[in-house]
Amino acid sequence: MSEPRRSIATVCLSGTLEDKLAAAAAAGFDGVEIFENDLIASAASPAEIGARCRDLGLSIDLYQPFRDFEAVPPARFRQNLRRAERKFDVMEQLGTDLVLVCSTVSPEAVDDDELAAEQLRALAERAQERGMRVAYEALAWGRFVNTYEHSWRIVRRADHPALGLCLDSFHVLSRGGDPALIRTIPGEKLFYLQLADAPQLDMDVLQWSRHHRLFPGQGSFDLKTFAGNVLDAGYAGPLSLEVFNDVFRQADPKPAAVDAMRSLRLLEEQLGEPVAEPAPDLDGYAFAELVADPDTATRLSEGLRALGFAETGEHRSKPVRRWEQGGARVLINTSATGPDTAEIGALAVESADPMRSARRAEAMSSPILPRERGPQEAGLVSVAAPDGTGVFFCDTGATDGWRGDFRDTSTPAAATPAAGLITGIDHVSLTQPFDHFDEAALFCRSVLGLEPEEVTEYAAPFGMVRNRGMVDATRSVRIALNGALVRRGEWAPAVRDPQHIAFTCTDVLTAAERLRESGAPVLPIPDNYYDDLDARLDLDPELLASLRRGSVLYDRDAGGEFLHLFTDLFGSRVFLELVQRVGDYAGYGVVNAPVRMAAHRRQRMTAFGR
Ligand SMILES: O=C(O)c1ccc(O)c(O)c1
Ligand SMILES: [Mg+2]
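Reading the values: the criteria
Residues numbered from 1 in each chain as written. Chains lettered and ligands numbered in written order. Predicted model: local features only at pLDDT ≥ 70, side-chain atom pairs only at ≥ 80, totals over all residues. Heavy atoms only, no water. Phe/Tyr/Trp six-rings, centres within 6.5 Å; stacked < 30°, edge-to-face > 60°. Helix = DSSP H or I, 4+ residues; strand = E, 2+ residues; numbered from the N terminus. Buried < 20%, exposed > 50% of the residue type's maximum accessible area, 1.4 Å probe, protein only. Lys NZ or Arg CZ within 6 Å of the ring centre and 35° of its normal. Donors = N, O, S within 2.8 Å, 3.2 Å for Na, K, Ca; no water. Tetrahedral: all angles 85-135°; square planar, octahedral: opposite > 155°, others 65-115°.

**Q** Whenever I open this one, the packing of aromatic side chains confuses me. Can you help?
**A** Geometry of an aromatic ring pair is reported as the spacing of the ring centres plus the angle between the planes. Applying the stated rule across the entire model yields 14 aromatic pairs. Centre to centre, the rings of F309 and F503 are 4.9 Å apart; their planes meet at 55°, and the pair counts as tilted. Note that F309 is positioned in the loop between α11 (294-306) and β10 (310-315) and F503 in strand β21 (residues 499-505), a separation of 194 residues in sequence. Residue classification places F309 among the buried residues on the basis of a relative accessible area of 2%. Taking 4.6 Å as the distance between ring centres and 10° as the angle between the ring planes, the aromatic pair formed by F562 and Y585 counts as stacked. Of this pair, F562 sits in strand β23 (residues 560-566) while Y585 sits in the loop between β24 (574-583) and α17 (593-608); the two residues are 23 residues apart in sequence, bridging distant segments of the chain. Judged by relative accessible area, which is 3%, Y585 ranks as buried. Taking NZ or CZ as reference, R133 lies 4.2 Å from the ring centre of F191, over its face.

**Q** When you look at the coordination of the magnesium ion (ligand 2) in this model, what are you seeing that I'm missing?
**A** Four donors placed tetrahedrally around a metal ideally meet at 109.5 degrees, and six donors placed octahedrally ideally meet at 90 or 180 degrees. Donor atoms from the polypeptide that bind the magnesium ion (ligand 2) are E137 (OE), D168 (OD), Q194 (OE1) and E242 (OE), placed at 2.0 to 2.1 Å. Coordination at the magnesium ion (ligand 2) is octahedral, judged from the six donor atoms that bind it and the angles of 77 to 176° they form at the metal. Counting gaps between the donor residues of the magnesium ion (ligand 2) yields the pattern E-x30-D-x25-Q-x47-E. Highlighted residues: D168 in strand β6 (residues 163-168) and Q194 in strand β7 (residues 190-195), separated in sequence by 26 residues. One exposure class covers both D168 and Q194, and it is buried.

Set out below in structure tokens:
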């Protein structure tokens with residue numbers, strides 16, 4: 001397969017037609033499908049739009065959709081032909097030669113393949129006279145034609161060189177269709193390929209299609225097999241994204257188009273295209289960096305010390321200090337301007353080949369961030385996740401590694417009672433801005449090579465929340481993505497977009513005991529929670545009493561158990577967690593998140609009287 005052309009339907013993106021074209025071009029697409037409504041609302045003439053696209057380096061690969069054309073009575077058919085000629089005029093000015101006709105949903109249409117084929121043939125004949133072609137697409141909810149097999153029977157019957165098929169992965173896979181037969185269709189009859197993923201939802205297929213489509217790799221459709229069959233059949237047109245999605249329709253089109261491009265590259269990679277070097281193996285976190293104002297940083301430092309961390313280094317040129325315990329490393333950067341400010345500025349992962357990680361990121365539409373670098377400082381490479389969090393690729397063991405950027409300040413660690421129980425970073429949890437949840441998952445997947453885990457949705461005090469873990473093959477790097485299911489209202493109490501670092505702890509109950517004695521800022525968990533644990537899980541009374549005493553939360557799954565505790569908030573959104581996985585527990589204690597959220601709300605109310 002030679003490098004395919006990449007195309008995107010304007011319906012995928014938010015804004016006016018001009019906004020959409022600019023975003024598609026900036027993200028590197030070769031072409032667009034112009035959705036009719038976008039053109040109709042534009043003040044630019046079709047010829048001007050055509051010229052704009054040429055200036056931007058975009059071809060117009062398809063004009064769409066032309067609806068309710070076929071299998072109608074003669075009077076309607078004459079009107080439809082007239083309508084088609086007007087659209088051919090538009091296409092001529094745009095400079096495109098392919099129109100998409102989707103299978104009829106009209107109440108006037110009749111169930112007559114012969115008639116449908118005959119009328120489509122007449123349309124193709126008119127198109128051909130004008131140097132154009134018609135791609136017939138079976139909508140999953142088409143009145144009579146709703147499978148690609150059926151649309152192919154009609155196209156074959158019509159037997160006209162200017163009539164072929166448009167295959168859309170959504171319409172085939174949403175109905176559980178078998179894409180294997182695509183391979184039997186001659187490649188020259190496959191005029192166009194539209195790609196969309198979707199989450200597996202049990203709902204009306206039209207609603208599903210119009211609101212919930214996703215870019216490839218964001219949902220659960222097997223697009224690799226689908227697109228592979230289309231290419232194997234000899235299809236030589238563009239790979240085109242056609243994603244109707246309520247969130248993307250209102251999201252900034254520039255990053256959305258970049259995300260779309262990333263999704264196509266990931267799919268091409270799955271199809272065997274060498275679009276990027278493979279993601280190197282990861283081996284845990286090198287560090288996590290918290291950026292805070294000086295006051296909040298002081299409280300964070302005290303919090304880390306209470307958890308048993310020791311300050312071990314000071315950055316040579318930046319206001320950053322290094323804290324460590326076991327394999328857990330946290331940088332505290334005091335460059336934020338307060339008040340009450342702390343956030344996770346960056347994550348750093350151990351990469352088997354940091355430069356290869358960086359090249360892969362660039363190939364996956366995540367440019368390397370420019371970085372100021374002082375003398376004697378390592379050439380660390382980082383990229384930005386969609387939410388702005390920096391991601392560094394490190395080789396901590398290397399002689400010129402990031403540690404050298406710090407002057408050692410190791411003073412004998414203050415003998416904090418909890419010292420020694422923390423061994424590393426288990427996961428980092430990031431709340432995604434509403435518009436970026438699926439984008440973040442795709443970033444983790446395509447750039448970092450993490451695999452997505454199950455999506456969990458739960459009702460929390462301030463709204464529905466989605467959670468999805470992203471994890472590497474050896475489970476050494478886990479990122480927990482969280483996001484609201486609907487855009488958050490103005491009623492926004494408690495913690496906005498919380499973020500936290502979860503440390504691996506060898507014994508959370510002992511840690512809790514010691515932290516309690518030392519007066520560390522452990523988040524208090526109410527009795528109701530423990531009464532319910534007892535009712536649900538019938539835990540050993542002694543264990544239950546220890547959990548309750550230490551404000552330790554508990555969960556279990558098929559693989560094992562999970563004990564965890566949280567700290568209070570530092571600033572308005574950051575907190576820390578100690579976690580202990582017993583056996584093969586795979587989750588993140590999501591079931592306990594609502595209790596934690598309400599507890600943080602109480603903490604904020606007490607601290608600020610609001
Ligand atoms: O939802 C629709 O109407 C619609 C229109 C054109 C398409 O290509 C499609 O897949 C769906
Ligand atoms: Mg389609």
